Amino acid sequence: MADPSLDVLIVGAGFGGMYMLIKARSLGLKALAIESAPSVGGTWYHNRYPGARVDIQSLEYSFSFDEALQQEWRWTERYASQPELLRYANHVADRFALRDSIRLETRLAGATWDEDERRWVATSDEGERWSARFLVMASGPLSAPNTPNFEGLDHFAGTTHHTADWPHEAVDFGGQRVGVIGTGSSGVQAIPEIARQARSLTVFQRTAAYAVPSHNGPLDAAWEARVKADYAGFRARNRLMRTGFGCELPPHMVSALAVSPEERESRFEERWAYGGFALLGTFYDIMLDLRANEFAAEFVRAKIRATVHNAQTARRLSPTQPIGCKRLCVDSGGYYETFNRSNVQLVDLNEAPLERITPRGVFADGREHELDVLVLATGFDAVTGTLMRTKLQGRDGLSIQEKWRPGALNYLGLAVAGFPNMFNIAGAGSTSAFTSVIQSIEHHVNWICECIAWLDTQRLTTIEATVHAEADWMAHVQAMAEQTVFLSCNSWYMGANVPGKPRLFMPLTGGFPAYVERCAQVATNGYEGFRVS
Ligand code: N01
């Protein structure tokens, strides 16, 4: 017999799930979070490969909802490492006494909408059952590892690790011949660390990455004190930014096409010296106009040529797609310098495709590269992957797999027509992928909780996005993407990294403030675009 007393079942106990639990409790709702891992922390529990760290500054990539929390937590570095982020997640769980409402090592097997009861009935893979008025999917946009179907992978006689599912015991690369496939954010972070330890490292690259320096180091105490003197104001200024972060160095509202080559260069240099995503804000049109974008792209290519000694390697490491079209990689380990090491070699899979994995290594470039360890830094079945691997059934038996066959249909990034009382955190159709995701999580959870409180006040039991509102929202997401350079490359933003996945641009590019305003309008207008009963 399902427990009838749950108001909210939350799937996931990363930052999204934990904040949802905190807010749901504050409304007096009976909530439970289930988490498949043996720990809270979500992405920061699983992605513990060497070099893993956040690509947004720690003072901005953290919760803002509680003044005491943000004052008392001390980040040690400008960009926090994975172990520190995991400690922070655990601190949040303890500080807000969440653990008794989190069921660890519990995986959602499926959930079905019961129309008669107007509740979700969910089961775990161990056969536990819950019934809940609301189902909140906080399972994370980057939580389903993508393992390409390489011929022979199962027969590799050495050890294989995926960056997104890294072992919890230390991996010793000392004396080992290591291969890394993949040069996105995870590969760019892991490669320098592995190169320092391994006997040899072979990097198999399909698409060259733009990596910008983070200039990471100990967190500047004076900067921390200044931010903490008015943390609420700092957060508020960040919420006005298109990305929800970076208020101390906002985008320069001048076109890259409108300045002299000397000014362009010196402005790029300033941002390069500052580090991180700031480079993309050197001119306002870098992500809007391919000509402006090319100036920024060429600036980074020149840095690659100046760094990498071997001209052919530098050429292979130089990306050709627009910069920022795939997520920019923020480098703390000296990514390009790594290719000057004598124990590192680069294999360009465009010149020499990866044919198969053999028991002894990788067959590419017309020969076998012998390896002891193979690291797959091949990313995620992003945004939809985790839900698509779950048995979710909405109204009239509609499965999420059927619903999302054409792509991740949604309204406001928060709801899906045909799936009443189900909400998504940091899902497709929201701006979360382009923001400091914790700020997006806070916004989504606040919106969801206000919605639940409103339903309760109105004595309503169900809320569901209409097909019409969903279609309009999808058209809006596509129209916004068309105004940018984001459609000019194959990225996980559009599902292009997973063979067979529908190509539909998933995140909203319109900027965080406009998105927040639209969500607020919907609520103010009595949840327009939703059917309530
Ligand atoms: O994954 P990716 P990621 N054969 O998809 C290659 C966040 N993140 O884990 O580009 C050969 O970016 C693939 O090649 P291509 C961040 O949002 C953040 O690195 O598809 N190669 C690519 O090079 C990020 O964007 C941090 O041609 C194959 C790589 O594998 C997101 O997670 C750190 C292949 C995958 O790159 C994903 O990053 C890490 C194949 N069959 C992650 N299939 C921070 O800094 C894939 N590849 C916070």
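Residues numbered from 1 in each chain as written. Predicted model: local features only at pLDDT ≥ 70, side-chain atom pairs only at ≥ 80, totals over all residues. Heavy atoms only, no water.

**Section: the overall build of the protein**
Here is the rule: Secondary structure counts use DSSP, requiring at least four H or I residues in a row for a helix and at least two E residues in a row for a strand, with both numbered from the N terminus. In this description the radius of gyration comes from C-alpha coordinates, and the expected globular size is given by 2.2 Å times residues to the power 0.38. Here's how the labels work: a residue is buried when its accessible area is under 20% of the maximum for its type, exposed when over 50%, partly exposed in between, all with a 1.4 Å probe on protein chains only. Whether two residues are in contact is decided by their heavy atoms: any pair within 4.5 Å suffices. The protein chains shown are the only cover counted for residues, whose accessible areas, like all others here, come from Shrake-Rupley with a 1.4 Å probe. When charges are counted, Lys and Arg are positive and Asp and Glu negative, with His and the chain ends excluded. Just so you know, the charge point we use is NZ for Lys, CZ for Arg, CG for Asp and CD for Glu.
Summing up its helical and strand segments, the protein has 16 helices and 20 strands in all. Computed over C-alpha atoms, the radius of gyration of the protein comes to 23 Å, within 12% of the 24 Å expected from 2.2 N^0.38 for 533 residues, which places it in the range of a compact globule. Referenced to the eigenvectors of the C-alpha coordinate spread, the extents of the protein come out at roughly 70 × 55 × 45 Å. Of all 533 residues assigned to the protein, the portion counted as buried reaches 60%. The contacts of the protein with a sequence gap of at least 6 include a subset with a gap of at least 24, amounting to 71%. Put simply, the protein shows about 21300 Å² of open surface, and 50% of that area lies on carbon and sulfur atoms. Between the centroid of the 51 positive side chains of the protein and the centroid of its 60 negative side chains there is a distance of 1 Å.

**Comments concerning the state of the cysteines**
Heads up, the rule is: Note on terminology: disulfide denotes any pair of cysteine sulfur atoms within 2.5 Å.
Following the criterion strictly, the structure yields one disulfide and no others. The disulfide partner of Cys325 is Cys489, and the gap between their sulfur atoms is 2.2 Å. Residues Cys325 and Cys489 are joined through a disulfide that is left-handed, its torsion about the S-S bond being -100°. One end of the pair, Cys325, is in the loop between helix H10 (311-317) and strand S11 (329-331); the other, Cys489, is in the loop between helix H15 (467-482) and helix H16 (512-524), with 164 residues separating them in the sequence. A relative accessible area of 7% means that Cys489 is categorised as buried. Here Cys449 stays unpaired: no disulfide links it, and the sulfur of Cys451, its closest cysteine neighbor, is 9.4 Å away. Among the cysteines around Cys519, which has no disulfide bond, Cys451 carries the closest sulfur, lying 11 Å off. Assessed through its relative accessible area of 0%, Cys519 is described here as buried.

**Topic: the site of the ligand**
What counts, and what does not: We call a residue near a given molecule or strand whenever any one of its heavy atoms falls within 4 Å of it. Side-chain atoms alone can form a polar contact between residues adjacent in sequence; in general such a contact is a pair of N or O atoms within 3.5 Å, and within protein one must be able to donate a hydrogen while the other accepts it.
As a structural note, the neighbourhood of the ligand is formed by 25 residues, with Ser186, Arg206, Thr207, Lys326 and Trp492 the closest of them. Within the side chain of Ser186, one N or O atom sits 2.6 Å away from an oxygen atom of the ligand. In this structure, an oxygen atom belonging to the ligand sits 2.5 Å away from a side-chain N or O atom of Thr207. Among the elements that line the shell around the ligand, the one with the most residues is helix H5 (residues 185-197), at three residues.

**Topic: the packing of helix H1 (residues 15-26) against helix H4 (residues 82-95)**
A pair of packed helices is characterised by two quantities: the angle between their axes and the separation of those axes. Short version of the rule: Helix axes use the C-alpha atoms of the stretch in contact, all axes being lines fitted to C-alpha atoms, and the angles between their N-to-C directions lie in the range 0 to 180 degrees. Should an angle fall under 35 degrees it is called roughly parallel, over 145 degrees roughly antiparallel, and 65 to 115 degrees roughly perpendicular, with every other angle called oblique. Each helix crossing is assigned a hand: it is left-handed if the near helix lies turned anticlockwise from the far helix by less than a right angle, otherwise right-handed if that turn is clockwise. Following the grouping adopted for this structure description, the nonpolar residues are Ala, Val, Leu, Ile, Met, Phe, Trp, Tyr, Cys and Pro, the charged ones are Asp, Glu, Lys and Arg, and the polar ones are all others, Gly among them.
Where H1 meets H4, the closest approach of the two axes is 11 Å, and the angle between their N-to-C directions is 15°. Compared by their axis directions, H1 and H4 come out roughly parallel. In the crossing of H1 with H4, the sense of the turn from one axis to the other is left-handed. Side by side, H1 and H4 meet where Phe15, Met18 and Ile22 of the first sit next to Leu85, Tyr88, Ala89, Val92 and Ala93 of the second. Along the lines of polarity and charge, the residues of the contact of H1 with H4 split into eight nonpolar, no polar and no charged.

**Focus: the nonpolar core**
Cut-off, in case you're wondering: Buried Ala, Val, Leu, Ile, Met, Phe, Trp, Tyr and Cys residues form a nonpolar core when they are joined through side-chain atoms within 4.5 Å.
In this structure, Phe15, Met20, Ile323, Trp447 and Phe530 are the most contacted members of the largest nonpolar core, which totals 132 residues. Here this core gets nine residues from one element, more than from any other, and that element is helix H14 (residues 437-457). Ignoring sequence-local partners within four residues, the contact set of Phe15 consists of Trp44, Tyr61, Phe63, Leu85, Tyr88, Ala89, Ile438 and Ile441. By size, the runner-up hydrophobic cluster in this structure holds 28 residues, among which are Ala132, Phe380, Val383 and Met422.

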